[in-house]
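Chain by chain, the residues:
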Amino acid sequence: MTFWNDPINFIANWLTGLLTGWGVPDLWATIIEYALGITALIVFAMVLDILLVWVERKVVARFQDRLGPNRIGPFGLIQPFADIIKLVIKEDITPANADKVVYNIAPVLAATSVISLWAILPLSSRIFGVDMNVALLYLVAAGALGTLAIIMAGWSSNNKYALIGAFRMVANMVSYEIPMVIILLIPTILADTMSVQGITQAQSGIWFAILSPLGFIIFFISAIAELGRSPFDLIEAESELTAGFNVEYSGMKFGWFFASELLHAFTFGGFMAVLFFGGYGGFFGLEKVAGFGWLTNPFVESAVFLAKAMFGYWAIMWVKYSMPRVRIDHMLAFNWKFLVPLSLALLVTTAILHKLLIVLPTWQYAVGMFASNVVIITGTIEILRAHGRKQRKAEEKLSPQPVKN
Amino acid sequence: MTAEQILFLLTGALILGSALMVVATRKLLHAALWLVAALFGVAILYAILQASFLAVVQVVVYIGAIAILFIFAVMLTRREMRDQGQQTRTNWWIAALLGLLILAGLVFLILAVPGADRLPAALPEGLDTVRALGNALVSPEAYVLPFEVASVLLLAALVGAVYIASVGKKD
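Thresholds, definitions, all that
Residues numbered from 1 in each chain as written. Chains lettered and ligands numbered in written order. Predicted model: local features only at pLDDT ≥ 70, side-chain atom pairs only at ≥ 80, totals over all residues. Helix = DSSP H or I, 4+ residues; strand = E, 2+ residues; numbered from the N terminus. Rg over C-alpha atoms; globule rule 2.2 N^0.38 Å. Buried ≥ 20, exposed ≤ 12 C-beta atoms within 10 Å, placed from the backbone. Contact = placed C-beta atoms within 7 Å. Domains from an automatic or database assignment. Expected span 1.5 Å × (residues − 1). Nonpolar A, V, L, I, M, F, W, Y, C, P; charged D, E, K, R; others polar. Core = buried A, V, L, I, M, F, W, Y, C linked by C-beta atoms within 7 Å.

> Before we go on, may I ask you to explain the overall build of chain B in this structure?
Along its length, chain B carries six helices and zero strands. Each helix (α) and strand (β) of chain B, taken in turn from the N terminus, gives the series α-α-α-α-α-α. Against the globule reference of 16 Å for 171 residues, chain B gives a C-alpha radius of gyration of 21 Å, more extended than a compact globule. Summarising its shape, the C-alpha atoms of chain B cover approximately 60 × 45 × 25 Å along the three principal directions. Per-residue burial over chain B gives 13% buried out of 171 residues. Considering only intrachain contacts with a sequence separation of at least 6, the fraction spanning at least 24 residues in chain B is 54%.

Below, the structure written as structure tokens:
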């Protein structure tokens, strides 16, 4: 075992040797190592977050035909540090009659819910926090804490706009959690496990995005809703709620919400990569070919994972800066009348077909799974078209006929 | 004292303290938030016992769904969410006595269970608890009947909710 093959365990072994050499008991050595590991992971995530501020500002500028930050440092790379200094030296305001303790806990909880997701994010086959057998449920649980943080922020601010934002958040989260949980079952069925390492390894031959493209699309939509990003950004809705749940926060407390939102989006990009695009692996069996063994190096795997996660993050931004905000009744109707039935139908089809087709050779299995998704998509579009036609006919019957002269 | 025992005692203190605050605080919303803390403590207990599935489901169901709906309902009900009245009844000592008796009975019963004073044994290496639980839920020798009955009950509740919600439209 060398540093280049297995960096984390290499450092851990070295530390164990060092600490026991100093006469530290084994239990304390383990506790110190875990504490250092957790700190390193959080620092990595937060440093990445600083970079994401720059990425977000630069990308939104490009989508809006602007240049974005370009004054401080090359390509404006030092801009995020200027942003941070600005946030830190801003006056810290607590609104009158605010519920102080809850008001101050909320930003911390928001950041906690995101950072706790990094515990299960597999950067490589040998660089990861923990490999739980309930990782996908853990993802949902961490999302619940994020919801709680937004409710606490909205309620404790003693501000009507903030409270309306929090109400919308609950409606949003409680609804879009359902298609997300149903869709999380699809990688579970395909990989036969809920552990993210297992799901990644199950995709070394073929990505789940190919076996279940519709599943990926639904996951993408519900992830955007879970993030509260446009077109589901009703919780912030600058034009009607000024800034929604975080309107009263200033300085670094606002900074925590902002940072956790960016990191959350990137983390979901990472989960999209893990669940549907092979995570750190997924080279379609290329790593087994002679001469390509370096693909399984943990540093290469981490780079591949971060690139895929960044692409997912970019796709989320692409949607965010291209779509107008939806109305709340449309948002709820879209979820309950469209996404939930569709994802249930997809789940049942996937479960049955997977069991039936798994005995076939891989390419036939893949074609069968892909075809079933295409059939479901086509059927859905046809039903929607027929429904639209019927509604249009009814409207035409009601509205007065144009007068001919 | 092992690390596990220290963790257990700390978690127990967290749960009991939060549970006490649920009934002692005067603000309704604070009570709901303390309830979240108590439920989270129970999730930690499951995690200490290596019941990872139960721990995560505890957070998803009790905090993610039930507690959040509690808070939602509390926020919708009253503007002034403070209770100004007296917090105890005149017969509080009878309730306290009954509570102590029940506690004594529970302690007596638990001590009578063989092995209650031992630490839990570590799970065998490679045991997939989630798979075992899933198999138990659909196996005829185990819990398929209660599982199906609960499913039918939930389905009935779902249908009932849809019916109640849709009656208003016809009028």
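From this point on, the discussion continues.
> I'm lost on the domain arrangement of chain B in this one. Help?
Interface size is often expressed as the accessible area that is lost when the parts come together. What the domain assignment reports for chain B is domain 1 (1–82) and domain 2 (128–171). The straight-line distance from the C-alpha centre of domain 1 of chain B to that of domain 2 of chain B is 25 Å.

> What's the story with helix 2 (residues 28–48) of chain B in this structure? I'm lost.
Working note: α-helix, 3.6 residues per turn, so residues spaced by three or four point in the same direction. Taking 1.5 Å of rise per residue, the 21 residues of helix 2 of chain B would be expected to cover 30 Å, and the 31 Å separating its terminal C-alpha atoms lies within 8% of that figure. What helix 2 of chain B keeps buried is the set B:Leu29, B:Ala32, B:Leu33, B:Trp34, B:Leu35, B:Val36, B:Phe40, B:Gly41 and B:Ala43. Packed against the buried residues of helix 2 of chain B are helix 4 (100–115) and helix 5 (135–156) of chain A together with helix 1 (3–24) and helix 3 (52–77) of chain B. After helix 2 of chain B finishes, the residue B:Gln50 shows a positive phi value of roughly 65°.

> Looking at this model, I keep getting lost on the interface of chain B and chain A. Mind explaining?
Contacts between chain B and chain A engage 18 residues on the former and 17 residues on the latter. For the side of chain B that touches chain A, the secondary-structure elements that each account for two or more residues are helix 2 and helix 3 of chain B. Counting residues per element, the side of chain B that touches chain A draws most heavily on helix 3 of chain B, at 12 residues. Residues of the side of chain B that touches chain A, tallied by class, amount to 15 nonpolar, two polar and one charged.

> Where do I start with the nonpolar core in this structure?
As a rule of thumb, nonpolar side chains are buried together in soluble globular proteins. Counting 115 residues, the largest nonpolar core has A:Tyr138 and A:Ile151 as its most contacted members. Examining the composition of this core, we find that 17 residues originate from one element, helix 5 of chain A, more than from any other.

> What should I look at first to understand unusual backbone geometry in this one?
Most peptide bonds take the trans configuration, and most residues that are not glycine carry a negative phi. The backbone of A:Asp65 sits at a positive phi, close to 60°, despite the residue not being glycine. Turning to its location among the elements, A:Asp65 is positioned in the loop between helix 2 (26–63) and helix 3 (79–89). We classify A:Asp65 as exposed; it has 6 C-beta atoms within 10 Å. The phi dihedral of B:Gln50 is positive, around 65°, even though this residue is not glycine. Relative to the assigned elements, B:Gln50 resides in the loop between helix 2 and helix 3.

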